[in-house]
Amino acid sequence: MTVRTAPAPTHAPAPSSPPEAVRVDLRISGMTCAACQARVQKSLATVPGVLDANVNLMTAEASVTYDPARSDPDALVARIRDTGYGAALPRPGADGLAEQDAERARELRDLGAKAAVALAAGLVAMIASMPLMAAHAHLGLGAPTDPLMRWSMRVLDPSLSRAFPWLYDLPPRAIAWGLAALTTGVMAWAGRHFYVRAWAAFRHHSADMNTLVAVGTGAAYVLSLAATVAPGFFIARGVAPDVYYEAVVLIVALVLVGNALEARAKRETSAALRKLGQLQPATARIVRGAEELDVPVEQVKAGDLVVVRPGERIPVDGELVSGASAVDESMLTGEPLPVSKRAGDRVIGATLNGTGAFRYRATAVGEGSVLAGIVRLMREAQGSRAPIQKLADRISGIFVPVVLSLSIATFVVWFVATDSAPAVRALVAAVAVLVIACPCAMGLAVPTAVMVASGKGAELGVLIKGGEALERAHAIQTVVLDKTGTITAGKPAVTEVVLAPGAPAPEERLLALVAAVERASEHPLAAAIVAHAADRRAPALDVADFASETGRGARGRVDGRSVLVGNRALLAAASVSTAPLEDRAAELAGRGRTVVFAAVDGALAGLLAVSDPLRPTSRDAVARLRRMGLEVVMLTGDAQPTAEAVAREAGIERVVAGVLPAGKVAEVSRLQAEGKVVAMVGDGINDAPALARADVGVAMGSGTDVAVEASDVTLMRADLGAVADAIALSRRTMRTMRQNLFWAFAYNVVGIPVAAGVLYPALGLLLSPVLASAAMAMSSVSVVTNSLRLRRFRAAA
């Protein structure tokens, strides 16, 4: 075991942003892909006074930090609208989560209805196109150029001609005009937003996914309409006047299906957040005068006396006044065991009461409650960006212009290289390139994983403050643990009671006598002894003639008996020998215990060992961290013997003892200078500078507000196992992000050349625009679905 003292640092970390900066969250509508997100973010960043702008495609929100002397929210909203997207400030007093949920539900219903109608219309268009293709074949104009339609003619046409003979008797031009009307209706209703948004992007000299869909389907529609209006022009040149109405309709339908599945998956990524928001009960039972009244929870004020019955959810935060119970706090802490509550204990809103009944005084309501704080932190985390997202953003920024250029190049090559119907073949290939390209998958690859991981972390009692912290955590090599309140419980407790040979009182009686004296003492160890006596149900006795001797202990008369409680010096002054218990006292001191002797009526009665005990899960958590390949270091201001004793018990080999807050910062800096990625875990004010200095600061949720504010990760349960959970979740999330980005890039790298016809010379393989649109839709869905697998993450033992 290594034990040493760290030097003090020369300076504290600088603040991350100017103190006058103001943050505002804006709602954005109309974004459909990473190119949209990049354009809005770039536009916001150019507003004078904007210090930082973060746009999230998943949440459809922008988080902007700005200088209020140089800008304001109205200017930010105006800039977004100038870019071609809708923007609005959150409504005062509105429930943002419920509002967003309702909006997503509306979006899902709208997309689902449009996709269903468009799919039905596409099926009708495909069936109706068969007689047209057959008529062109009878004219000796060859098979259709679209590979999907060629397959349909070979496989489906014989069955359709037998099932719908009347359809084949209709005039081809009548069918073509009917398809034109059907397609126009689908484009004008189901696909309208593609064309409106593409035009808005064009007016602002930009392009996005809507541009690709609009240009692709628009080109196919114009060619089909030309063939419908003037079929003779095509026939005179030996080219079949093929129409691609079914392709236009099915492309619109399949893109809408993909959007609907994507919207549904987006709702699922925020399921944990929605579940938290729904936990708070709608009403609370409060005491007003002599009455108990049920009132809406929004009307509860700090100071109100709230009544909770067995099995009810606690409506707001507060402190018990009377009664007792066990409360299930698993929704906040991840701990499955109920927590005992008695008068003076804190309760948290939305947790579940057990079998007892109690009254408590409301202390925090509304936005000041623990639940509201967790929801706020989660929303901020889900809306934040991981550094790995920058790669996708850079590519997305140039993606659509590159795809448009490739589509034009594809058209030119096919037009020049083919002898049979060059314009038609060139157009089919160019359209396939446009519709298979998918910037959505790249834009969703990282934020979907961040959203799901943040929600999963909250279920495990781990609040991760954003994508950057989530990404940094996966690279952690060294975990530095504060001792008091982190590895240990943070408050003294009696660990052993040892009776002297021939003790003048049995253990329960001795506890009652000692506790009576300590109840009048202000020494830090006294409270631990009194609490232990209460836990052992020792009778509460009164003390007379109490006297405290500084640095030694206390004395008094209890139930007619003289009682001494203190160190050796106190008992020696009263001529009481501690020799019979010296060996045991030395052994306990070697284990980091503080020994308190007790004498009754001038005879040695026993000793009590007091220490800050190890948390029950600390040893297993340290072992798990080491199994994960992490170096574990204990950092404490305690003296070397105590530090060594706790470290041995926890299974920690490297200890840095006797350090003040400045020394903790210096030790973290020294480890970082060795090239290590360091996580600091602590709970007190003295840990805050080191938490801020570490690559990842982890605060115990039971600690001080200062420590929590300085941290990147907050543990809602008092368990070091949550540190291992956070790191394991981060590693799994980064793996998912990389998988998403790989497949999003690989899909486009492979799909676009195939759509352009690169396999045609060797294999005779062409990709139908309809199949290209299906592949494009599925690429986005696959990325979101892969991220949703994080919901099944289970912490290892």
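All values derive from a computational prediction rather than experimental measurement.

**Student:** Explain a nonpolar patch on the surface to me, and be specific about the residues and the numbers.
**Tutor:** Together, Ile408, Phe411, Val412, Phe415 and Val416 make up an exposed nonpolar region whose accessible area comes to about 470 Å². Within the secondary structure, Val416 sits in helix 15 (residues 389-417). Residue Val416 is classed as exposed on the basis of its relative accessible area of 65%.

**Student:** So what's going on with helix 20 (residues 507-518)? Which residues, and what values?
**Tutor:** Under the 1.5 Å per step criterion, the end-to-end length of helix 20 is 16 Å for twelve residues, consistent within 8% with the ideal 16 Å. Within helix 20, nine of the twelve residues are buried, leaving the element largely enclosed by the surrounding structure. Residues Leu510, Leu511, Ala512, Leu513, Val514, Ala515, Ala516, Val517 and Glu518 constitute the buried set of helix 20.

**Student:** Break down the nonpolar core for me, citing the residues and quoting the values.
**Tutor:** Across soluble globular proteins, nonpolar side chains show a tendency to be buried alongside one another. Counting 143 residues, the largest nonpolar core has Leu44, Leu76, Val479, Leu481, Ile487, Ile652 and Val723 as the members making the most contacts within it. In terms of residues, this core owes the most to one element, helix 29 (residues 721-756), which gives 16 residues. Aside from chain neighbours lying at most four places away, what touches Leu481 is Ile487, Val622, Val632, Val633, Met634, Leu635, Ile652, Val681 and Leu720. Counting 26 residues, the second largest nonpolar core, distinct from the first, contains Val514, Ile529, Val563 and Leu608.

**Student:** Kindly report on the pairing of strand 4 (residues 61-66), identifying the contributing residues and their values.
**Tutor:** By the criterion of burial, strand 4 is predominantly enclosed, with six of the six residues buried. Residues Glu61, Ser63 and Thr65 point to one face of strand 4 and Ala62, Val64 and Tyr66 to the other, with burial holding for every one of them. Pairing of strand 2 (residues 22-29) with strand 4 involves six bridges; the strand directions are antiparallel. Residue pairing for strand 4: Val22 is matched across the bridge by Tyr66. Here six bridges tie strand 3 (residues 50-56) to strand 4, and the two strands are oriented antiparallel to one another.

**Student:** Break down the pattern of salt bridges for me, with residues and values.
**Tutor:** All chains considered together, the criterion is met by 27 salt bridges. Among the ionic pairs, Asp110 bridges to Lys114, the shortest N-O distance being 3.5 Å. Placement of both Asp110 and Lys114 in helix 3 (residues 96-138) is noted, with a separation of four residues, approximately one turn of the helix. The exposure class of Asp110 is partly exposed, given its relative accessible area of 38%. A relative accessible area of 12% means that Lys114 is categorised as buried. Between Lys456 and Glu459 there is a salt bridge, with the nearest N and O atoms lying 3.3 Å from each other. Residue Lys456 and its partner Glu459 are both found in helix 17 (residues 439-459); the two are separated by three residues, about one turn of the helix. Judged by its relative accessible area of 8%, Lys456 is buried. If you follow the salt bridges from partner to partner, you end up with Glu631, Arg654, Glu667, Arg670, Glu674 and Lys676 in one network.

What counts, and at which threshold
- Residues numbered from 1 in each chain as written.
- Predicted model: local features only at pLDDT ≥ 70, side-chain atom pairs only at ≥ 80, totals over all residues.
- Heavy atoms only, no water.
- Patch = residues over 30% accessible without salt bridge, like charges linked within 9 Å, V, L, I, M, F, W, Y side chains within 5 Å.
- Areas by Shrake-Rupley, 256 points an atom, 1.4 Å probe, with all protein chains shown as cover.
- Salt bridge = Lys/Arg side-chain N within 4 Å of Asp/Glu carboxyl O.
- Helix = DSSP H or I, 4+ residues; strand = E, 2+ residues; numbered from the N terminus.
- Buried < 20%, exposed > 50% of the residue type's maximum accessible area, 1.4 Å probe, protein only.
- Expected span 1.5 Å × (residues − 1).
- Core = buried A, V, L, I, M, F, W, Y, C linked by side-chain atoms within 4.5 Å.
- Contact = heavy atoms within 4.5 Å.
- Pairing = 2+ DSSP bridges.

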